[in-house]
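What the coordinates show
Here is how the chains run, residue by residue.
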Amino acid sequence: MNGKKGSIRIDICLTPKNVVPEGAKKPITEGLSPRKWLLDVWDFARQDTNRVTFALKVGLACLLVSLLILFRAPYDIFGANIIWSILTVAIMFEYTVGATFNRGFNRALGSVFAGVFAVVVIQVAMSSGHIAEPYIIGFSIFLIGAVTSFMKLWPSLVPYEYGFRVILFTYCLIIVSGYRMGNPIRTAMDRLYSIAIGAIIAVLVNVLICPIWAGEQLHRELVNNFNSLADSLEECVNKYLSDDGSEHPEFSKTVMDNFPDEPAFRKCRATLNSSAKFDSLANSAKWEPPHGRFKHFFYPWAEYVKVGNVLRHCAYEVMALHGCVHSEIQAPYNLRCAFKSEILDAANQAAELLHNLGKDLNNMKWSLQTSQLKHVHVSTEHLQHSVDLHSYLFTASQEDNSNKPELKLSRVVSFNRKDFKKQSSEPESNAAEKTTPPLPVPMHESYHEMMKRQQRRLHSWPSREVDDFEDDENVVSDLIPRMHALESTTALSLVTFTSLLIEFVARLDHLVEAVEKLAKMARFKQQTEN
């Protein structure tokens, strides 16, 4: 024990009771604290109060259906089959009125078809005798399952996919339970009555108590997308013109679209992802009766989807402009300032047009917006003329560098071994005829070292400026044209930005036409243009 021969020393480290291991110091449920969870729920409900309304309406509908079981009289009439009412409410009750009508139609049609099929098959099976009866019922279940599963995959029948599911499970439950319980026709009728009761309660609660209309939501979403696109355009252009290159986001943030200082960008990105939402709301709105501001039948909800498609077509250009803002190759700040007034004018005029279109949609009024559209075209033409008039600025870097000392431009060094030997073997008289003496090449630097140095210089851009290479003592003049091309590319990135802005304005013409068509079909109130 004290280092003696044959002894073993064992060190036991006793952890005090009040000392927590390092890995267990951080509680696992730190991010799941009740207070934080309640705050998240509160924020989620405050963003859209209709979510709370929908939840309360579902609870009320389930309570009303449950009273049919809790009270003795209705339970004596329908028996245990009244549970199907609760199941119908839970499955059929949707967020909007239109979606509830759509789901109810599929539910009712599927239940009726399943009930009729079940009654017919039961009659055929019972007339075939006790031996053939289970085989007929089993084959019918297989046939119904295969046919409904295949038909719901048919492209034109995809909207009725839920109806085929209802046919399948309703048919199976009715025919199997009726076969074991006896009197299958009575069982089928009781369950159909229970389903009808649940459907009626779900529809009445959803329509009469704080209805949430899909048409209203679709209209509001389209107006918000107009304003979001206009805000995103202004935000993108202002950031591009005010960015002097001092702050450049990390590549990881650019890839993950993590731009906390650009709130309108997130809304524009949501506009691009709104296609499925628009289609769903439009399909639900078709089932809704005239309501609110939409007071005539056969309202053109499909035109809302078309306007949304054209608006997304314009949003693609804004996303491309946003990509130019955060691209690796940027035009010089002074060059952007040269076209600042023209770019700002075109962007502001286009954003104002988008705001006016969204305002007209929101008020369900329509003016031709001809003067505003002309202002957009005029400002865009000014931008094009300005770019054309000052096009020399995009190639000025090559001309500016023509006044560099000719000593650095007169000598072209070849990295070919044969050319190098040939040059070294030329007579001194030929060398004297040259206007400038050749640059001395260090003898201790091998060919491979020269190639490595060239590659490092090529791949160091844009972390090093072009002038840094020209200040080197042993600059290779073959690299100068290549460096001028890269410098010109940075200037041409401004041309890319302006061309994308011009393309955005060109797409606004189609947007105005789509809104005008919607206004005529939806019977917006005509108003004179200010």
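Residues numbered from 1 in each chain as written. Predicted model: local features only at pLDDT ≥ 70, side-chain atom pairs only at ≥ 80, totals over all residues. Heavy atoms only, no water.

The chain carries the name Aluminum-activated malate transporter in an unreviewed UniProt entry, which gives Zizania palustris as its organism. Under Sequence similarities (unreviewed entry), UniProt gives the following word-for-word description of the chain: "Belongs to the aromatic acid exporter (TC 2.A.85) family." What UniProt records for the chain under Subcellular location (unreviewed entry) is the sentence "Membrane". (UniProt positions renumbered as here; feature names shortened; annotations may be inferred.)

The subject of this paragraph is the pattern of salt bridges. Scanning all chains against the criterion turns up 9 salt bridges. Of the charged contacts in the structure, one is a salt bridge between glutamate 503 and arginine 507, with a shortest N-O distance of 3.0 Å. In this pair, glutamate 503 and arginine 507 are both assigned in helix α22 (residues 479–521), 4 residues apart and thus about one turn of the helix distant. Between glutamate 516 and lysine 520 there is a salt bridge, with the nearest N and O atoms lying 3.5 Å from each other. Remark: lysine 520 and glutamate 516 occur in helix α22; sequence separation between them is 4 residues, near one turn of the helix. Shared partners join several salt bridges into a network, and the residues in it are Glu317, Glu503 and Arg507. (Salt bridge = Lys/Arg side-chain N within 4 Å of Asp/Glu carboxyl O. Helix = DSSP H or I, 4+ residues; strand = E, 2+ residues; numbered from the N terminus.)

What follows is about the nonpolar core. Membership of the largest hydrophobic core comes to 65 residues, with the highest contact counts inside it found for Phe226 and Leu511. Contributing elements (two or more residues each) for this core: α9 (214–242), α11 (263–272), α12 (275–285), α13 (301–325), α15 (340–363), α16 (370–389) and α22. With near-sequence residues (within four places) excluded, phenylalanine 226 lies in contact with Val307, Leu311, Leu354, Leu357, Gly358, Leu361, Leu511 and Val515. If you look at the next biggest cluster of nonpolar residues, it comprises 12 residues, including Val121, Ile167, Tyr171 and Ile175. (Core = buried A, V, L, I, M, F, W, Y, C linked by side-chain atoms within 4.5 Å. Buried < 20%, exposed > 50% of the residue type's maximum accessible area, 1.4 Å probe, protein only. Contact = heavy atoms within 4.5 Å.)

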